Amino acid sequence: MITKEQCEQMDLADPLAPLRDQFVIAPGTIYLDGNSLGLSTYATQQRVADTAATQWAVDGIKSWNTADWINLPVTVGNKIAALIGATKGTTICCDSISVNLFKLICLAKQAKPERFKIISTTDNFGTDLYIVQGLQQLLDQGELQLVTVDESELAQHIDSDTLLVMATQVNFRTGNLLDVASLTASAHSKGAMMLVDLAHSAGALPVHLDQCNVDFAVGCTYKFLNGGPGAPGFAYVNANHLGKLAQPIYGWMGHSAPFDFSPEYTPSNSIKQLLTGTPPILSMAAIDAALDVFDGLDMHSIRMKSMALGNLLIAQIEQLGLLGELTLASPRDAEQRGSQVSFYHEHAYGLCQALIERGVIADFRAPNILRIGLTPLYLRYIDIANTAHHIAECLSNDEHLDCRWQTKNAVT
């Protein structure tokens with residue numbers, strides 16, 4: 001078993017270790033929930049304070065020009081594009097994953113109106129499926145059909161009626177990692193389009209949207225990109241589709257000339273067409289600053305540390321004799337796993353709460369999953385070793401069975 005002393009030596013040799021100092025980390029905590037809400041950097045806090053105290057409070061409306069507020073969605077989008085293998089000008093930061101899914105599914109339908117089937121996974125994140133269900137209520141019967149299948153069967157169900165394959169690259173419960181390149185090739189071979197949800201990928205592992213020729217993608221900025229709670233999401237449109245399709249939520253910021261105030265809508269030919277209303281500047285400023293932590297970083301090095309952290313956690317849990325009470329829900333092979341490790345446990349919610357009480361911030365996903373998020377920018381190997389021992393002590397002391405955990409919090 002790797003000792004704590006060995007973990008400390010691994011931390012001293014870790015080239016990413018200095019990045020931890022850029023983040024605000026509460027004393028006495030091990031933060032394992034970056035796959036749900038990433039931590040703030042000190043630079044982000046300063047940027048938000050400056051935006052509020054100077055750009056807004058002093059300069060007021062001038063800042064749309066002097067601080068270039070008006071171009072923040074594109075500026076931030078280009079920073080994200082660099083992290084997801086996308087060409088500059090194909091990604092924009094705006095709205096939420098849910099709203100952006102609505103827009104992009106409509107773009108796909110506009111491109112291939114004769115097709116009606118959307119293939120997704122049964123265990124996809126709820127909002128991805130809900131948006132399709134909502135669209136079904138707006139369209140005539142038969143215009144859109146949602147087919148959900150097991151992750152391993154996605155490619156098998158693509159046929160000549162398939163409009164879109166809609167898949168999340170990393171399963172939010174298990175961390176299972178899908179092969180986007182292969183899925184996209186399968187979709188295109190049948191004339192279908194590909195939409196990828198990068199909620200648990202962007203900022204955590206290398207993504208190659210252009211290389212894979214993905215048609216559309218969405219993602220959020222508050223997980224591994226550390227943009228802050230409720231921060232706007234992002235959307236990607238393959239350069240081959242830009243200027244050829246029009247998303248249906250016509251808003252003045254998506255107009256080709258918004259400040260002409262024309263009564264007729266003419267969409268922008270650029271990625272700006274995905275904009276609708278006025279961007280939320282405080283949130284946009286936070287994301288813009290948060291992304292600076294990635295400057296000069298190679299996503300491959302982040303991925304290597306992520307896999308090493310996950311392997312260490314599984315090994316520690318196994319060597320402590322806990323893989324009888326806990327069941328590994330994530331792939332054991334790190335190459336098949338996103339930046340998380342999940343375990344099944346009958347009392348997973350209670351175990352999660354007991355860990356949080358100890359300062360080990362993990363999270364729970366229904367019905368019975370304890371989820372450990374791995375953010376290489378600020379997590380240490382010693383944190384992982386200590387986490388395994390905290391889990392062992394919680395289980396040994398029956399802390400997870402405390403009657404307080406019988407009632408779940410509103411946010412789990």
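What comes next is a walk through the structure. Owing to the predicted nature of the structure, the values given are computational and were not obtained by experimental measurement.

**Details of the packing of helix α10 (residues 299-319) against helix α12 (residues 381-396)**
Phase 1 of the analysis: Two elements in contact, α10 and α12, have axes whose closest approach is 9 Å; the angle formed by their N-to-C orientations is 30°. By the angle class used here, α10 and α12 are roughly parallel. For α10 against α12, the interelement crossing comes out right-handed. Counting all contacts with α10, which are made through K305, A308, L309, L312, L313, Q316 and I317, the residues of α12 involved are Y381, I384, A385, T387, A388, H389 and I391.

**With respect to the nonpolar core**
Phase 1 of the analysis: Membership of the largest hydrophobic core comes to 53 residues, with the highest contact counts inside it found for I84, L198 and F294.
Phase 2 of the analysis: Other than its neighbours up to four places away in sequence, I84 contacts T91, L198, A202, V207, H208, L209 and F234.
Phase 3 of the analysis: Core analysis: the second largest hydrophobic core is formed by 36 residues, I317, A348, L370 and I384 among them.

**Some words on helix α6 (residues 126-138)**
Phase 1 of the analysis: Between its first and last C-alpha atoms α6 spans 19 Å; for 13 residues at 1.5 Å apiece the expected length is 18 Å, and the two agree.
Phase 2 of the analysis: Within the span of α6, buried status applies to G126, T127, D128, L129, I131, V132 and L135.
Phase 3 of the analysis: Looking at the buried positions of α6, the neighbouring elements they touch are α5 (97-111), β3 (117-121), β4 (145-149), β5 (162-168) and β6 (193-197).

**Quick word on the sheet that holds β6**
Phase 1 of the analysis: Read across the sheet, 7 strands follow the order β2-β8-β7-β6-β5-β3-β4 without closing on themselves; strand pairing throughout is mixed. Because the sheet does not close on itself, it has two edges, and the strands there are β2 (91-93) and β4. In this sheet, neighbouring strand axes are inclined to one another by 20° on average, regardless of whether the strands run parallel or antiparallel.
Phase 2 of the analysis: Looking at chain direction, β2 and strand β8 (residues 234-237) are connected through 3 bridges and run antiparallel. Residue pairing in the sheet places C93 in a bridge with F234 of β8.
Phase 3 of the analysis: Packed onto the sheet, helix α7 (residues 180-189) meets β5 and β6 and runs at close to 155° relative to β6.

Definitions and cut-offs
- Residue indices follow the written sequence of each chain, beginning from 1 at its first position.
- Only residues with pLDDT of at least 70 get local features here, since the model is predicted, and only at 80 or more are side-chain atom pairs given and counted; chain-wide, interface and lining totals rely on the full set of residues.
- With hydrogens and water set aside, each side-chain value is computed from the structure's full complement of heavy atoms.
- Interaxial angle, 0 to 180 degrees, is taken between N-to-C directions of lines fitted to C-alpha atoms, where a helix line uses only the stretch in contact.
- Strands here are runs of E lasting at least two residues and helices are runs of H or I lasting at least four, both read from the DSSP assignment and numbered beginning at the N terminus.
- Roughly parallel covers angles under 35 degrees, roughly antiparallel covers those over 145, roughly perpendicular covers 65 to 115, and oblique covers all other angles.
- Left-handed is the label given to a crossing in which the near helix is rotated counterclockwise from the far helix by less than a right angle, and right-handed is the label when the rotation is clockwise.
- Any two residues having at least one pair of non-hydrogen atoms within 4.5 Å are treated as being in contact.
- Only buried residues count toward a nonpolar core. Its members are Ala, Val, Leu, Ile, Met, Phe, Trp, Tyr and Cys residues joined through side-chain atoms within 4.5 Å.
- Only protein chains enter the calculation, and the probe is 1.4 Å; a residue is then buried if its accessible area is under 20% of its type maximum, exposed if over 50%, and partly exposed in between.
- Helices are assigned an expected span. That span is 1.5 Å times one less than the residue count.
- Only strands that DSSP links by at least two bridges are regarded as paired with each other.

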